[in-house]
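Survey of secondary and tertiary structure
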Amino acid sequence: MRVKKHFVLRNEKALEPSLFGVLIQTNSIYCGIHLAEIQLPEKCSFLGILREAKVISATDNPTIFSGDYILAIATHPMMVPALKVTLKKIHSVYYSLNSCLLEARPTDSQSVNSDYSDLLSTFNSTYY
C-alpha cells in the first residue's frame, strides 16, 4: 500500500508569520534601553529598528529612542496581540526630562490672592 506524503501537508493549516512595526512614543518604557533587553513573548523575534529611513539590525543591539519603529515578527498568529501589547508599553504617567507639567499650573496663592483678571494674566503669561 502506498501513502501519499502530501496528504499530511494538505490537512495542516499553513501559518504565516506576521511582520509589523511599532512606533516608540516619548513615554515608552523602552526609550533609552537596548533592543536585546526587551523580553518578547514566545515565537516572536526582533528584526531591528527603523530610524530616519535606515534599518538597524537587531544583531547590532541598538539603543531605542523616541520616534524609532521597532520591527518585529510573530511566527505564530496567536502571538501577534501579545507582541503588540509588549512593544506598546508606556509609563503610566506622562513625563519629560525637558519640562515639568506641574510648573505651568497656577499655585494656590496665585488663584486665592488675586482677582479674576490677575489670574488670567498669570495664566496667559505662563502658557504663552
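Residues numbered from 1 in each chain as written. Predicted model: local features only at pLDDT ≥ 70, side-chain atom pairs only at ≥ 80, totals over all residues. Heavy atoms only, no water.

Let's shift gears to the overall build of the protein. Helix and strand counts for the protein stand at four helices and four strands. Counting from the amino terminus, the protein carries its helices and strands in the arrangement α-β-β-β-β-α-α-α. Here the protein holds 128 residues, and 20% of them are scored as buried. If you take every contact in the protein between residues at least 6 apart in sequence, the share linking residues at least 24 apart comes to 66%. In the structure as shown, the protein presents an accessible area of about 9,900 Å², 57% of it carried by carbon and sulfur atoms. (Helix = DSSP H or I, 4+ residues; strand = E, 2+ residues; numbered from the N terminus. Buried < 20%, exposed > 50% of the residue type's maximum accessible area, 1.4 Å probe, protein only. Contact = heavy atoms within 4.5 Å. Areas by Shrake-Rupley, 256 points an atom, 1.4 Å probe, with all protein chains shown as cover.)

Another point: the confidence of the model for the protein. Across the protein, the average pLDDT comes to 76, with 61% of residues at or above 70. Within the protein, the lowest mean pLDDT, 42, falls on helix α1 (residues 6-11), and the highest, 97, falls on strand β3 (residues 54-57). The model gives residues 1-12 a pLDDT under 50, and that stretch makes zero contacts with residues more than four places away or in other chains. Predicted confidence is poor over residues 110-128, with pLDDT under 50, and the contacts of this stretch with residues over four places away or in other chains come to ten contacts. (pLDDT = per-residue confidence, 0-100.)

This next bit is on the sheet that holds strand β1 (residues 18-23). On the basis of which strands lie adjacent, the open sheet formed by four strands has the order β1-β4-β2-β3 and antiparallel pairing. Across the chains shown, the open sheet's two edge strands, defined by having one partner strand only, are β1 and β3. Each strand axis lies, on average, 30° off the axis of its neighbour in the sheet, ignoring direction. Pairing geometry for strand β2 (residues 44-51) and strand β4 (residues 69-74), over six bridges, is antiparallel. Looking across to β4, one finds that Ser45 is bridged to Ile73. (Pairing = 2+ DSSP bridges. Axes fitted to C-alpha atoms, helices over the stretch in contact; angles between N-to-C directions.)

As a further point, take the nonpolar core. General note: in soluble globular proteins, nonpolar side chains tend to be found buried as a group. Membership of the largest hydrophobic core comes to 17 residues, with the highest contact counts inside it found for Ile38, Phe46, Ile64, Ile70, Leu83 and Leu87. Where this core is concerned, the elements lending two or more residues are β1, β2, β4 and α2 (80-87). Each residue touching Leu83, except ones within four places of it in the same chain, is listed here: Phe20, Leu40, Pro41, Cys44, Ala72, Ile73 and Ala74. (Core = buried A, V, L, I, M, F, W, Y, C linked by side-chain atoms within 4.5 Å.)

With that settled, consider α2. Along α2, the residues classified as buried are Val80, Leu83, Thr86 and Leu87. The buried side chains of α2 occupy one side of the element, clustering within an arc of 130° when seen end-on. Facing away from the buried surface of α2 by more than 90 degrees, the exposed residues are Pro81 and Val85. In the core, the buried residues of α2 are packed alongside β1, β2 and β4. (Arc of directions from axis to C-beta.)

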